[in-house]
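Spelled out, the chains give:
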Amino acid sequence: MIELHNIHKTYNAGSPLHVLKGIDLSIAKGEFASIMGASGSGKSTLLNILGILDTYDEGDYYLSGTLIKNISETRAAELRNRLIGFIFQSFNLISFKNAMENVALPLFYQGVSRKKRNALALEYLDKLGLREWAHHLPSELSGGQKQRVAIARALISHPQVILADEPTGALDSQTSREVMQILRDVNKNDGITMIIVTHERGVADSTDKIIHICDGIIEEIEQGKGVIAEDGMK
Ligand code: ADP
Ligand code: MG
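Asker: Explanation requested: the sheet that holds strand S4 (residues 58–63) in the structure shown.
Answerer: To summarise the sheet geometry, strands pair through backbone hydrogen bonds and adopt either a parallel or an antiparallel arrangement. Read across the open sheet, the four strands follow the order S2-S1-S4-S5; overall the sheet is antiparallel. Each edge of the open sheet is held by one strand with a lone partner, namely strand S2 (17–27) and strand S5 (66–67). Sheet topology note: the S4/S5 ladder contains two bridges and is antiparallel. Bridge pairing in S5 links Leu63 to Thr66. Contacts from helix H1 (residues 43–50) reach strand S1 (2–11), S2 and S4 within the one sheet, and its direction differs from that of S1 by about 125 degrees.

Asker: Would you mind going over the site of ligand 1 with me for this structure?
Answerer: Near ligand 1, the surroundings consist of Tyr11, Leu17, Val19, Ala38, Ser39, Gly40, Ser41, Gly42, Lys43, Ser44 and Thr45. Between ligand 1 and Ser41, the relevant distance is 3.2 Å, taken from an oxygen atom to a main-chain nitrogen or oxygen of the residue. Contact between ligand 1 and Lys43: an oxygen atom at 2.9 Å from a main-chain N or O atom of the residue. When the free accessible area of ligand 1 is taken as 560 Å², the share hidden by the protein chains comes to 59%. Contributions of two or more residues to the shell around ligand 1 are made by S2 and H1. Along the lines of polarity and charge, the residues of the shell around ligand 1 split into four nonpolar, six polar and one charged.

Asker: Is there a simple way to explain the pattern of salt bridges in this structure?
Answerer: Close approach of charged atoms allows side chains of opposite charge to pair. Throughout the structure, instances matching the rule amount to 10 salt bridges. Across the salt bridge formed by Arg80 and Glu73, the nearest N and O atoms sit 2.8 Å from each other. Arg82 serves as the salt-bridge partner of Glu78, at 3.1 Å between the closest nitrogen and oxygen. Note that Glu78 and Arg82 are positioned in helix H2 (residues 73–83) at a spacing of four residues, about one turn of the helix. The partly exposed category is assigned to Arg82, whose relative accessible area is 45%. Salt bridges sharing common partners tie together Arg201, Asp205, Glu222 and Lys225.

Asker: I would appreciate a short explanation of the packing of aromatic side chains in the present structure.
Answerer: Two measures describe an aromatic ring pair: the distance that separates the ring centres and the angle between the ring planes. As enumerated under the stated definition, the model contains two aromatic pairs in all. Where Phe86 meets Phe88, the ring centres are 6.0 Å apart and the plane angle is 10 degrees; that geometry is what we call stacked. With relative accessibility at 23%, the residue Phe88 sits in the partly exposed group. Seen from their ring centres, Phe108 and Tyr109 are 5.4 Å apart, and the 75 degrees between their planes marks the pair as edge-to-face. A cation sits over an aromatic face here: Lys127 above Tyr124, 4.5 Å from the ring centre.

Asker: Please clarify how the sheet that holds strand S10 (residues 217–223) should be interpreted in this entry.
Answerer: Read across the open sheet, the six strands follow the order S6-S7-S8-S3-S9-S10; overall the sheet is mixed. Among the strands making up the open sheet, the edge pair consists of strand S6 (84–88) and S10. Sheet twist, expressed as the mean angle between neighbouring strand axes with direction ignored, is 20 degrees. Where S6 lies against strand S7 (residues 161–165), five bridges are found, and the strand directions are parallel. The residue of S7 that forms the bridge with Phe86 is Leu163. Contacting S6 and S7, H2 runs over the sheet at an angle of about 80 degrees to S6.

Asker: I'm lost on the packing of helix H5 (residues 143–155) against helix H6 (residues 173–190) in this one. Help?
Answerer: Helices that pack against each other are described as a pair by the angle of their axes relative to one another and the distance between those axes. Across the interface, H5 lies against H6 with an axial gap of 10 Å and an inter-helix angle of 15 degrees. Judged on the interaxial angle alone, H6 and H5 are roughly parallel. Between H5 and H6 lies a crossing of right-handed hand. Side by side, H5 and H6 meet where Gly144, Gln147, Arg148, Ile151 and Leu155 of the first sit next to Thr175, Val179, Ile182, Leu183 and Val186 of the second. Broken down by class, the residue content of the contact of H5 with H6 amounts to six nonpolar, three polar and one charged.

Each value, and the rule that gives it
- Residues numbered from 1 in each chain as written.
- Chains lettered and ligands numbered in written order.
- Predicted model: local features only at pLDDT ≥ 70, side-chain atom pairs only at ≥ 80, totals over all residues.
- Heavy atoms only, no water.
- Pairing = 2+ DSSP bridges.
- Helix = DSSP H or I, 4+ residues; strand = E, 2+ residues; numbered from the N terminus.
- Contact = heavy atoms within 4.5 Å.
- Axes fitted to C-alpha atoms, helices over the stretch in contact; angles between N-to-C directions.
- Near = heavy atom within 4 Å.
- Polar contact = N/O pair within 3.5 Å; in protein donor to acceptor, adjacent residues only side chain to side chain.
- Areas by Shrake-Rupley, 256 points an atom, 1.4 Å probe, with all protein chains shown as cover.
- Nonpolar A, V, L, I, M, F, W, Y, C, P; charged D, E, K, R; others polar.
- Salt bridge = Lys/Arg side-chain N within 4 Å of Asp/Glu carboxyl O.
- Buried < 20%, exposed > 50% of the residue type's maximum accessible area, 1.4 Å probe, protein only.
- Phe/Tyr/Trp six-rings, centres within 6.5 Å; stacked < 30°, edge-to-face > 60°.
- Lys NZ or Arg CZ within 6 Å of the ring centre and 35° of its normal.
- Parallel < 35°, antiparallel > 145°, perpendicular 65-115°, else oblique.
- Left-handed = near helix turned anticlockwise from the far one by under 90°.

Written as structure tokens, this is what we have:
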């Protein structure tokens, strides 16, 4: 599903900052993996490269057999829409659109009619227990509800992989647990490859494979417990 060979990335804002220093990584279809490391270690940079939101300077990245290198923004957007779902710490919902419209958004970009995309959005909200919240704005939802809306939005275009950057970073322990359980269920039931960036041990422990990153290098790959702690994760 994902193959990285010797990926390097330097930011050139001011003095050059060599953030990724030779990442080799392979993630198979259907894996439930986490990327763990201290703040500033390069986790988001790596996830943004995986999500074709950013480019890299050296090495090769294959996504689903396609070499992601020197591709146009149009092609990158097309691959993102077709293959990848994103979940962020800060939810990234559009504040003036209701839950249903937020979930339906990826289908808008695919040219699906309003009637059809809203009907599908309601189906996904229903799956995530949010049917009654469909017409509420993000500001009227709790953190856990917002993240569930974001998960529904990620799922609606049937991605092959979901990339989640600190998905529980803004949530309390119990809500984090619920969100991790949903991601696990999605992984199991739909076979979607899941890559979760976190700096929380409890979150990493609930995945099957923990990729430890330190100063832009993969330090260790550890087998996770794959169980979601009964007593929350923080
Ligand atoms: P993490 O997600 O592990 O906290 P990041 O990948 O966000 O780490 O950042 C790694 C390093 O790169 C940090 O020192 C950060 O300040 C720097 N950095 C991140 N994004 C940019 C950018 N767009 N321009 C310049 N420096 C950046
Ligand atoms: Mg980060």
